[in-house]
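Architecture and fold: a report
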Amino acid sequence: METTPNGLQIAILIGSVRPGNYSSKAAALVADEFTRLGVTPDLIDPATLDLPMPGMGLNDPGPRELQRRISEAAAIVLVTPEYHGSFSSVIKLAIENMGF
């Protein structure tokens, strides 16, 4: 991903994989606002990364790609629906695959 002249990049992690989910729509609005401010957004859709269950396959391509994109970002925005008073299982799975 090409960064802006100021070099600031923000990862935006989408917390739902359901088709037509509202998290993706909210993430797109956040990305547009960052772009307007001259910050490079990196929209990360976990559905495209083939993330394994916690503790399994952290060296697989999906987790490595996620780890690379997160490490290149100055900050992470988590966009997630609330499920039973907590984050979505998709966000939890992504966090487990970040390797820290």
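So, here's what we can say about the structure. These numbers were taken from a predicted model, which means no experiment stands behind them.

This paragraph deals with the overall build of the protein chain. A tally of regular secondary structure across the protein chain gives three helices and three strands. Here the protein chain has a C-alpha radius of gyration of 13 Å; the compact-globule value for 100 residues is 13 Å, and the two agree. If you line up the protein chain on its principal axes, its C-alpha atoms span 40 × 30 × 20 Å. Within the span of the protein chain, comprising 100 residues, buried residues form 36% of the whole. If you take every contact in the protein chain between residues at least 6 apart in sequence, the share linking residues at least 24 apart comes to 70%. Total accessible area on the protein chain stands at roughly 6100 Å², and carbon and sulfur atoms take up 58% of it. Of note, the protein chain has its 7 positive side-chain charges centred 4 Å away from the centre of its 11 negative side-chain charges.

Attention now goes to the sheet that holds strand 2 (residues 40–44). Paired through backbone hydrogen bonds, the strands of a sheet run either parallel or antiparallel to each other. Pairing in this open sheet of three strands is parallel, and the strands run 2-1-3 from one edge to the other. The sheet is open, and its two borders are formed by strand 2 and strand 3 (75–79), each paired with just one other strand. Recorded for the sheet is a direction-independent mean angle of 25° between the axes of neighbouring strands. Judged from the five bridges that link them, strand 1 (residues 9–14) and strand 3 form a sheet pairing that is parallel. When the sheet's bridge partners are listed, Ile10 is paired in strand 3 with Ala75. Across the face of the sheet, helix 3 (residues 89–96) comes into contact with strand 1 and strand 3 while running at roughly 130° to strand 1.

Procedures and definitions
Residues numbered from 1 in each chain as written. Predicted model: local features only at pLDDT ≥ 70, side-chain atom pairs only at ≥ 80, totals over all residues. Heavy atoms only, no water. Helix = DSSP H or I, 4+ residues; strand = E, 2+ residues; numbered from the N terminus. Rg over C-alpha atoms; globule rule 2.2 N^0.38 Å. Buried < 20%, exposed > 50% of the residue type's maximum accessible area, 1.4 Å probe, protein only. Contact = heavy atoms within 4.5 Å. Areas by Shrake-Rupley, 256 points an atom, 1.4 Å probe, with all protein chains shown as cover. Lys, Arg positive; Asp, Glu negative; His and termini not counted. Charge placed at Lys NZ, Arg CZ, Asp CG, Glu CD. Pairing = 2+ DSSP bridges. Axes fitted to C-alpha atoms, helices over the stretch in contact; angles between N-to-C directions.

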